[in-house]
2 protein chains.
Amino acid sequence: MNSTTTSELSKFTKIFEHFFLTVLKNTSQIQLKLHEAICYTCLNGGKRVRPLLVYLAAEFLDIPVKKVHHIAAAIELIHCYSMIHDDLPAMDNDDFRRGKPSLHIAYNEGIAILAGDAIQSLAFEILIKNPELLPEVKTKQTIYLAESCGWQGMAGGQLLDLESTDKQITLEELITMHKLKTGKLFISAISMVCGILENSNEKISALRKYTEAISFAFQIQDDILDVESTSEILGKPAKSDIKNNKNTYCTFLGIDKAKQETNRLYKEALETISPWPEKKDNLENFANYLVHRKY
Amino acid sequence: MNSTTTSELSKFTKIFEHFFLTVLKNTSQIQLKLHEAICYTCLNGGKRVRPLLVYLAAEFLDIPVKKVHHIAAAIELIHCYSMIHDDLPAMDNDDFRRGKPSLHIAYNEGIAILAGDAIQSLAFEILIKNPELLPEVKTKQTIYLAESCGWQGMAGGQLLDLESTDKQITLEELITMHKLKTGKLFISAISMVCGILENSNEKISALRKYTEAISFAFQIQDDILDVESTSEILGKPAKSDIKNNKNTYCTFLGIDKAKQETNRLYKEALETISPWPEKKDNLENFANYLVHRKY
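These figures come from a predicted structure and were not determined experimentally.

Calculation criteria
Residues numbered from 1 in each chain as written. Chains lettered and ligands numbered in written order. Predicted model: local features only at pLDDT ≥ 70, side-chain atom pairs only at ≥ 80, totals over all residues. Helix = DSSP H or I, 4+ residues; strand = E, 2+ residues; numbered from the N terminus. Buried ≥ 20, exposed ≤ 12 C-beta atoms within 10 Å, placed from the backbone. Contact = placed C-beta atoms within 7 Å. Axes fitted to C-alpha atoms, helices over the stretch in contact; angles between N-to-C directions. Parallel < 35°, antiparallel > 145°, perpendicular 65-115°, else oblique. Left-handed = near helix turned anticlockwise from the far one by under 90°. Nonpolar A, V, L, I, M, F, W, Y, C, P; charged D, E, K, R; others polar. pLDDT = per-residue confidence, 0-100. Least-squares fit on C-alpha atoms with pLDDT ≥ 70 in both.

1. Examining the overall build of chain A
Then, number 1: A tally of helices and strands in chain A yields 15 helices and two strands.
Then, number 2: Dimensions along the principal axes, computed over C-alpha positions, put chain A at roughly 55 × 45 × 35 Å.
Then, number 3: A buried classification covers 49% of the 295 residues belonging to chain A.
Then, number 4: Look at the contacts in chain A between residues 6 or more apart in sequence, and 72% of them connect residues 24 or more apart.

Pasting the structure below:
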């Protein structure tokens, strides 16, 4: 990995954190506790994988960074709300997240449900309030976002996950579940960025293929880390998939084949962007980070 | 109440139910159970108060009905998702809703959380997919909807409600709570309809005042019914506010003064629309229905 481009990645993370703080700024005295709960989760040192993808896609397509802040924030907010609800006792029942008690532990279940709900609303609010884009562009973006997180997207995938726990499913069903639960939001992030351009082009097609590959690799790497890492490094309980009797790529493929698969997808991602050598460094380093990350 | 206009109200309810069925039509085989859970709540014979307000506002402003179907559906979807989450054990812990087991009882808590989440996404999706309106109009509508249901709106109000249970609050705090929890969504419905017109006018100002009055009256009537009605008529446990030690208008004002207040607000609502005698019948009957309803 080129260290210059690694610092480029962290440059984008900093740009995002700065913008995200303005999004989460409290402008009202009415509901301090709910705002506090929202910030507890949203400003908790996440990896910001989805915002990074947004910024890097914009860079690859020569779209000014100021046009995509709102997309990055909206997609991260959806991710944050889904984490809060996924951690609830009725869902994955995870008490820890990023090394801290989950929101429902730090506050209570009622606040966690409401904070998640409010964060989802905020995602749509931020997306549509982007002053840099035309209404017709934002309209399409809102459709992408809504479709990716509803019953035919993330929420649907999460239900498949809940229902398949303790059951034998096929590898095909596992892939469908993850495409809904994780993949659709990644693709929606890219679609929102690409939609800023008036016409489709080869770079856009390449970016879509890249995103499909890395989002799949990202998910498999998650499963691998659950087996190989420790709770301290992960900031949440390791081996929780095994404990919860979850279907994962590791249980299907075995850990070695799972690693081979992430490597294959990593190479596939790099291959799709290789025709643009002057533009590909940051996307390459991002893919590298995703499949070699330790938490 | 004029029986012709009463049947006009039910005409609009039927129009809505017909449209709502198309919104909730299943176009995918992926996630049947989640879709089933969504329909369990959304197609459960609700009063459709918010959609009715949307249609009647459109009629009052001479806006064709086909332009507001999506607004009516979006606002009802937000209401439906909030009911599902409000009923959860960590929130109001209500086992019955409209005479049937609440969603988390009929299915389970995990499905209820996810169904609520997916319904919120669907609300934004439907609103933005309205083929009858321009993107700039829909952009503003999305802002109204998001602001009315997030942490500075409905979700914030629900948290105030949760936090004030078992506590002494002031009447002013009770009013703030209900404005957030119920009032903002009513006002947002009206704002979305009014935003279809290019310019503001006196009818729009009147409609806003009307809506503020009836949404407040609607809430007080809810509190009165909780005291005076039976579980059978309500389709949910009566006296639940007393059981849950909730602050209500009845506990603050006493039941007689609460009734006087709904009557005062009812008259105020009628007064605001009285300058348009040829247009006011349906709105009058709607206000009448809201404050004289038995469930």
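2. Quick notes on the packing of helix H3 (residues 49-60) of chain A against helix H4 (residues 69-87) of chain A
What describes two packed helices is the angle between their axes and the distance between those same axes.
All names here are of chain A.
Then, number 1: Following both chains from N to C, one finds H3 and H4 inclined at 160°, their axes separated by 8 Å at the closest point. By the angle between their directions, the pair H3 and H4 is classed as roughly antiparallel. As H3 packs across H4, the resulting crossing turns out to be right-handed. Each of Arg 50, Pro 51, Val 54 and Tyr 55 in H3 lies in contact with H4, whose residues at this interface are Ile 71, Ala 72, Ile 75, Glu 76 and His 79.
Then, number 2: For the contact of H3 with H4, a count of residues per class yields six nonpolar, one polar and two charged.

3. Some remarks on the confidence of the model for chain A
Residues and elements named next belong to chain A.
Then, number 1: Averaged over every residue, the pLDDT of chain A is 92; residues scoring 70 or more account for 97%.
Then, number 2: Taken element by element, the predicted model of chain A shows its lowest mean pLDDT in helix H12 (residues 240-243) (78) and its highest in helix H6 (residues 109-128) (98).
Then, number 3: Here the predicted complex carries an ipTM of 0.95, next to a pTM of 0.96.

4. Looking at the relation of the copies chain B and chain A
Then, number 1: Once chain B is rotated about the relating axis by 180° and shifted along it by 0.0 Å, it coincides with chain A to within an RMSD of 0.0 Å. Taken together, the rotation angle and the small translation identify this as a two-fold axis. Relative to the rotation axis, the closest C-alpha in chain B is found at Pro 135 of chain B, a distance of 2.6 Å.
Then, number 2: With an isologous cut-off of 70% or more, the 100% of interface residues of chain B that recur at the interface of chain A puts this contact in the isologous class.

5. A closer look at helix H8 (residues 154-164) of chain A
Then, number 1: Across the eleven residues that make up H8 of chain A, a large majority, eight, are buried.
Then, number 2: Those residues of H8 of chain A lying buried are Met 154, Ala 155, Gly 156, Gly 157, Gln 158, Leu 159, Leu 160 and Asp 161 of chain A.
Then, number 3: Elements in contact with the buried residues of H8 of chain A: H4, helix H7 (135-149) and helix H9 (171-194) of chain A together with helix H2 (32-42) and helix H6 (109-128) of chain B.
Then, number 4: Following H8 of chain A by one or two positions, Asp 166 of chain A adopts a phi angle in the positive range, close to 70°.

6. Considering the interface of chain B and chain A
Think of interface size as the accessible area that goes away when the parts come together; that is how it is often given.
Then, number 1: Taken together, the contacts link 43 residues of chain B with 44 residues of chain A.
Then, number 2: Taken together, the elements giving at least two residues each to the side of chain B that touches chain A come down to H2, H6, helix H7 (135-149) and helix H8 (154-164) of chain B.
Then, number 3: Of the residues forming the side of chain B that touches chain A, the biggest block, 13 residues, is contributed by H6 of chain B.

7. Quick look at the packing of helix H10 (residues 202-228) of chain B against helix H15 (residues 281-292) of chain B
All names here are of chain B.
Then, number 1: Where H10 meets H15, the closest approach of the two axes is 8 Å, and the angle between their N-to-C directions is 20°. Judged by the angle between their axes, H10 and H15 are roughly parallel. Only Leu 283, Ala 287, Leu 290 and Val 291 of H15 make contact with H10, whose side of the interface consists of Tyr 210, Ile 214, Ala 217, Phe 218 and Gln 221.
Then, number 2: Looking at the contact of H10 with H15 residue by residue, the classes come out as eight nonpolar, one polar and no charged.

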